Amino acid sequence: MNIVVLVKQIPDPAGPQELNADHTLKREGKLILDESDSYGVEIALQLRESAGGGDVTLVSMAPNGETSGLRTALAMGADDAILVGDDALPGAAALTTAKVLAGAIGRKQYDLVIGAVESSDGYVGVVPAMIAELLGLPSLTFAKKIDIDGSVIRIERQTEAGYDEVEGALPALVSVTAGVVEPRYPSFKGIMAAKKKPLEQVTVADLGVSVPGFNGNEEVTSVEDAPARAAGEKIEDDGTAFERIVAFLDEQKVL
Amino acid sequence: MRFAFDDDQIDLRDAVRGLLADTCPPETVRTAWSNSTGRSDAAWGALADMGVVSMALPVDAGGLGLGALDWVLVLEETGRVALPEPVVETAVVGAPLLHALGCDVPAPPASIATLLDSGASLYADTAECLVVLDGDALRMVDPSTARLTAEVSVDRSRRLFAVEMAAGAGTVVATGPQARDAVAAARDRGALAAAAQLIGLAERMLATTVEYVSVRHQFGKPVGAQQALKHKLADVAVAIEFARPLVYRAAWSLDAGDPDSAVHVSMAKSQASDAAELAARHALQCHGAIGYSYECDLHLFMKRAWCLARSWGDARSHRDRVAAAVVDA
């Protein structure tokens, strides 16, 4: 079973996040594998193992030829990777990103495309569905469980109330939620082998993709800091504080 | 000449750092203080799966053929989280020692206990095998055939045992000069590994303390704004940065077979021990009263540092070795 996994390499969320003057995220320096993509990599490895063979290919788009995050996923056990890097791509809007990634996916023979529900730095959350549309694939989203049965894929689609059972025909695209599986730690052997695995670097021109201006119709006009959390209310206990607590909990409809 | 770690070495360190962040938070160390083994539940198995436990064995013996320069950063990470596991004794000391003498090395996740000096053996009760220097003979002993008596350690996750064996117990794996040379090399690896752990511990105590003095306010400002605390913590940072290059240099010397590698190991262990003890002392003082409490995590790291500073030779004995080498030269 050949599986393509979409992975994003992002600035380490543990570090300070800074924006450029045009409100795009600064992506200088080392980028890491988006944790939300590690679930997709893990489920792909498990599906390949249970299918008894095949390749897991990573597809990523990143500036500066950055490969650190891809190496992490290769160390986990993925077989090869395609990295799209192009000086024109920074700041690409969701549709542009989807077209570029769809073009890169098209270079491989695949049965399944797996992506995260959304990235941990952009949180746009529409790229997987766009790619499915561009590639003409059934789009199965928010999967918390995946089963493959011959040429049929069944997922449990996470909903607010529980989950829906959704079925589609392969090839298909699935977006997976965090927690679908526990990602493995890369082994030392895997880390050392990752350097030798094929990693193809391509440009937009190589993919033959035409995009209508990289920013599409999107423009971020301003950015505001999230409002600071308001200070709580302090009550001096004169023996009746419990009444205020009860009233507060009642207001919050907790009682 | 550029002396820096390569990408692989950094990646291995980062992988271990990530694993230990998940499997060895302070609660794990705290639990090891009172559980039956003194060890973590999940961290050791995960480290074995990752390849850490067999990392220093050659590839044809099921290991990864990593040298000291490769594992020194890994050991630093195990120190940073005060990992309650025999990673020094098993991965860096025992396994390569047994392999070098042509013995079968217990497969991970089995652990190895060592007794290469007078004193006590760490985690001997849960080890698959015990390597003991008995006079001029090196013996491999099944711990279940030895009489193990628990000894008190200030760090209660370090379970120490006095070992009594019947005469002639176990298998002799080396004698005379062969045993002496193998044990000397193993002790140097142990001292270097402990030094690396002490660097990690010192950094952890410094980071924890900087965080604490930044949030603890008194007289309307963080206590860390006072020079009395700033200077203490700056001294700790300087001590760590002076010790660290000695640790990395000693790792290089061991790998390169430098004739002075033993002296370099002693320089590293003495300075790392001093740096960690200074970090512990100043961290405790800067924390104030809360630092003395059992509930505050600081003591987990502090007591580990005290123990490791005295393991594999204390600062003074290593300085004596450096002095002796200088005088001989």
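Shown above is the structure to which this text applies.
Every chain begins its residue count from 1, and numbering advances along the sequence as written. Ligands are numbered from 1 and chains lettered from A, in the order in which they are written. Given that this is a predicted model, residues contribute local features only at a pLDDT of at least 70 and side-chain atom pairs are listed and counted only at 80 or more, while totals for whole chains, interfaces and linings are drawn from all residues. Here the side-chain values reflect all heavy atoms present in the structure, with hydrogen atoms and water set aside.

Draft legend 1. Layout of the overall build of chain A. Only DSSP runs of H or I covering at least 4 residues are called helices, and only runs of E covering at least 2 are called strands; the numbering of each starts at the N terminus. When helices and strands are counted, chain A shows seven helices and eleven strands. Its C-alpha atoms give chain A principal-axis dimensions of about 70 × 45 × 40 Å. To sort residues, take the accessible area from a 1.4 Å probe on protein chains only and compare it with the maximum for the residue type: under 20% means buried, over 50% means exposed, and anything in between is partly exposed. Here chain A holds 255 residues, and 40% of them are scored as buried. What makes two residues a contact is simply this: any of their non-hydrogen atoms within 4.5 Å. Summarising the internal contacts of chain A: among those between residues at least 6 apart in sequence, 72% fall at separations of at least 24. We get accessible surface area from the Shrake-Rupley algorithm with a probe of 1.4 Å; when it comes to residues, only the shown protein chains can shield them. In the structure as shown, chain A presents an accessible area of about 13,900 Å², 49% of it carried by carbon and sulfur atoms. Positive and negative charge centroids in chain A, built from 22 and 40 side chains respectively, lie 7 Å apart. Counting rule for charge: Lys and Arg are taken as positive, Asp and Glu as negative, and neither His nor the chain ends is counted. A charged residue contributes its charge at one atom only: NZ of Lys, CZ of Arg, CG of Asp or CD of Glu.

Draft legend 2. Spotlight on the environment of Ser118(B). Residues and elements named next belong to chain B. Examined against the element boundaries, Ser 118 turns out to sit in the loop between β1 (112-115) and β2 (121-122). The exposure class assigned to Ser 118 is exposed, which follows from its relative accessible area of 70%. For Ser 118 and Cys 307, which are 189 residues apart along the polypeptide, the C-alpha to C-alpha distance reads 15 Å.

Draft legend 3. Fine view of the pattern of salt bridges. We define a salt bridge as a contact between a side-chain nitrogen of Lys or Arg and a carboxyl oxygen of Asp or Glu at a distance within 4 Å. In total, this model carries 33 salt bridges over all chains according to the counting rule given. With its nearest N and O atoms 3.6 Å apart, the salt bridge here joins Arg154(A) to Asp149(A). Note that Asp274(B) and Arg319(B) form a salt bridge whose closest N and O atoms lie 2.8 Å from each other. Within this pair, whereas Asp274(B) is found in helix α8 (residues 261-287), its partner Arg319(B) is found in helix α10 (residues 315-328), the two being separated by 45 residues in sequence. Residue Arg319(B) is classed as partly exposed on the basis of its relative accessible area of 38%. Within this structure, Arg17(B), Glu76(B), Glu77(B), Arg80(B), Glu203(B), Glu241(B) and Arg244(B) form a network of salt bridges that share partners.

Draft legend 4. Layout of the interface of chain A and chain B. Chain A puts nine residues into the contact, and the matching count from chain B is 19 residues. Ionic pairing is found between Asp14(B) and Lys30(A), a salt bridge with its closest N-O pair at 3.5 Å. Polar contacts, as used here, are pairs of N or O atoms within 3.5 Å; protein pairs need one atom able to donate a hydrogen and one able to accept it. Residues neighboring in sequence count only if both atoms are side-chain atoms. Here chain A is connected to chain B by five residue pairs in polar contact (both at pLDDT 80 or more). A class-by-class count of the residues in the side of chain A that touches chain B yields five nonpolar, one polar and three charged. Residue polarity follows a fixed list, in which Ala, Val, Leu, Ile, Met, Phe, Trp, Tyr, Cys and Pro are nonpolar, Asp, Glu, Lys and Arg are charged, and the others, Gly among them, are polar.

Draft legend 5. Focus on the sheet that holds strand β5 (residues 80-84) of chain A. Residues and elements named next belong to chain A. Within the open sheet, the nine strands sit side by side as β9-β8-β7-β10-β6-β1-β4-β5-β11. Their pairing is mixed. For this open sheet the edge positions go to β9 (163-169) and β11 (199-202), each flanked by a neighbour on one side alone. Strand-to-strand twist across the sheet, computed as the mean angle between neighbouring axes with direction ignored, equals 30 degrees. One bridge is not enough; two strands pair if DSSP finds at least two bridges between them. When strand β4 (residues 56-61) meets β5, the two strands line up parallel, connected through five bridges. Following the sheet pairing, Thr 57 is matched in β5 by Asp 80. Across the face of the sheet, helix α3 (residues 94-105) comes into contact with β1 (3-6), β4, β5 and β6 (112-116) while running at roughly 150 degrees to β4. Each axis is a line fitted through C-alpha atoms, and for a helix only the stretch in contact is used; angles between axes span 0 to 180 degrees, taken between their N-to-C directions.

Draft legend 6. How the structure looks around the nonpolar core. Residue types Ala, Val, Leu, Ile, Met, Phe, Trp, Tyr and Cys, when buried and joined through side-chain atoms within 4.5 Å, form a set referred to as a nonpolar core. Ranked by internal contacts, the top residues of the largest apolar core, which has 136 residues, are Leu58(A), Leu112(A), Phe188(A), Met55(B), Leu138(B), Met205(B) and Val247(B). Ranked by residue count, the leading element in this core is helix α6 (residues 176-215) of chain B, at 18 residues. In this structure, Val247(B) is in contact with Val72(B), Leu192(B), Ala195(B), Ala196(B), Ile199(B), Ala268(B) and Ala272(B), ignoring residues within four places of it in sequence. In this structure, Leu6(A), Val59(A), Val113(A) and Val202(A) belong to the second largest nonpolar core, which totals 26 residues.

Draft legend 7. Highlighting the packing of helix α4 (residues 68-80) of chain B against helix α5 (residues 87-100) of chain B. Residue and element names in this part refer to chain B. α5 packs onto α4 with a crossing angle of 175 degrees between their chain directions and a minimal axis gap of 12 Å. Classed by the angle they form, the pair α4 and α5 counts as roughly antiparallel. Together, Trp 71, Leu 75 and Thr 78 of α4 and Val 87, Val 88 and Val 92 of α5 make up the contact between the two elements. Split into classes, the residues belonging to the contact of α4 with α5 amount to five nonpolar, one polar and no charged. Angular relationships are summarised with four words: roughly parallel below 35 degrees, roughly antiparallel beyond 145, roughly perpendicular across 65 to 115, and oblique for the angles in between.

Draft legend 8. Fine view of the sheet that holds strand β7 (residues 171-175) of chain B. All names here are of chain B. Across the sheet, four strands lie side by side as β1-β3-β4-β7; this open sheet has mixed pairing. Two strands in the sheet have a free side with no partner beyond their single neighbour: β1 and β7. Taken pair by pair, the neighbouring strands of this sheet meet at an average axis angle of 20 degrees, ignoring direction. Examined bridge by bridge, strand β4 (residues 137-141) and β7 share four bridges and lie antiparallel to one another. Residue pairing for β7: Arg 139 is matched across the bridge by Val 172. Relative to β7, α6 is tilted by about 90 degrees, and along the sheet it contacts β3 (129-134), β4 and β7.

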